[in-house]
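Structural characterization, general
One letter stands for each residue in the lines below.
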Amino acid sequence: MAVCIAAFAKENYPLYIRSVPTQNELKFHYTVHTSLDVVEEKISAVGKSLGDQRELYLGLLYPTEDYKVYGYVTNSKVKFVIVVDSSNTSLRDNEIRSMFRKLHNSFTDVMCNPFYNPGDPIQSKAFNGIVSGMMVQTG
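Residues numbered from 1 in each chain as written. Predicted model: local features only at pLDDT ≥ 70, side-chain atom pairs only at ≥ 80, totals over all residues. Heavy atoms only, no water.

The name that an unreviewed UniProt entry assigns to the protein chain is Trafficking protein particle complex subunit 2-like protein, with the source organism given as Kryptolebias marmoratus. Under the UniProt heading Sequence similarities (unreviewed entry), the entry covering the protein chain gives this text: "Belongs to the TRAPP small subunits family. Sedlin subfamily." You can read under Subcellular location (unreviewed entry) in the UniProt record for the protein chain the words "Cytoplasm, Perinuclear region". (UniProt positions renumbered as here; feature names shortened; annotations may be inferred.)

Below you can see the structure in the form of structure tokens.
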């Protein structure tokens, strides 16, 4: 399960960041913001090659000692970053893809809301519920 989930707009400002446990929140903010450099690098590499342009899942961006950081980019260049605990070896790549798919579908629902202004921080209860279901349960 994820310890941090973030969504970034096309211009790389945060639309949504949530982490568990909250005492490491600043560390996770730093981690997801530094991962944007790797995301941009992978996007530009895909743009230069003639690979599959529809592949939205970027895979493992980088591992740290404690965490693994995964990335996903939508067609509209919105970026999702999921940080998982490195000790969780049972989490497979297809499960991470499934998490990103659920996140993307929920994000699409937020965008379809006529009361949401694109570019504003995401404050949807439904989106928050999907993210809560993906987070590590502590306590």
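**Some details on the overall build of the protein chain**
A count of helical and extended segments in the protein chain gives three helices and five strands. When its helices and strands are written in sequence order, the protein chain yields β-β-α-β-β-β-α-α. Scaling as 2.2 N^0.38, a compact globule of 139 residues should have a C-alpha radius of gyration of about 14 Å, and the protein chain matches this with 14 Å. With respect to the principal axes defined by its C-alpha atoms, the protein chain has extents near 45 × 40 × 25 Å. Taking all 139 residues of the protein chain together, 40% fall into the buried category. (Helix = DSSP H or I, 4+ residues; strand = E, 2+ residues; numbered from the N terminus. Rg over C-alpha atoms; globule rule 2.2 N^0.38 Å. Buried < 20%, exposed > 50% of the residue type's maximum accessible area, 1.4 Å probe, protein only.)

**Re the pairing of strand E1 (residues 2–8)**
Across the seven residues of E1, seven count as buried, placing the element largely inside the fold. Note that E1 and strand E5 (residues 79–85) share six bridges and pair antiparallel. For Ala2, the partnering residue across the bridge sits in E5 and is Val84. Sheet analysis places E1 next to strand E2 (residues 14–19), joined by five bridges and oriented antiparallel. Bridging across to E2, Ile5 finds its partner in Arg18. Linking E1 back to E2 in an antiparallel pair, the connection comprises five residues, with Asn12 at a positive phi of about 70 degrees. (Pairing = 2+ DSSP bridges.)

**Points about the environment of Tyr67**
With respect to the element layout, Tyr67 can be found in strand E4 (residues 67–73). Taking the C-alpha atoms as reference points, Tyr67 and Leu91, separated by 24 residues in sequence, lie 12 Å from one another. Setting aside chain neighbours within four positions, we find Tyr67 in contact with Val3, Asn24, Lys27, Phe28, Tyr62, Val83, Val84, Asp85 and Ser86. (Contact = heavy atoms within 4.5 Å.)

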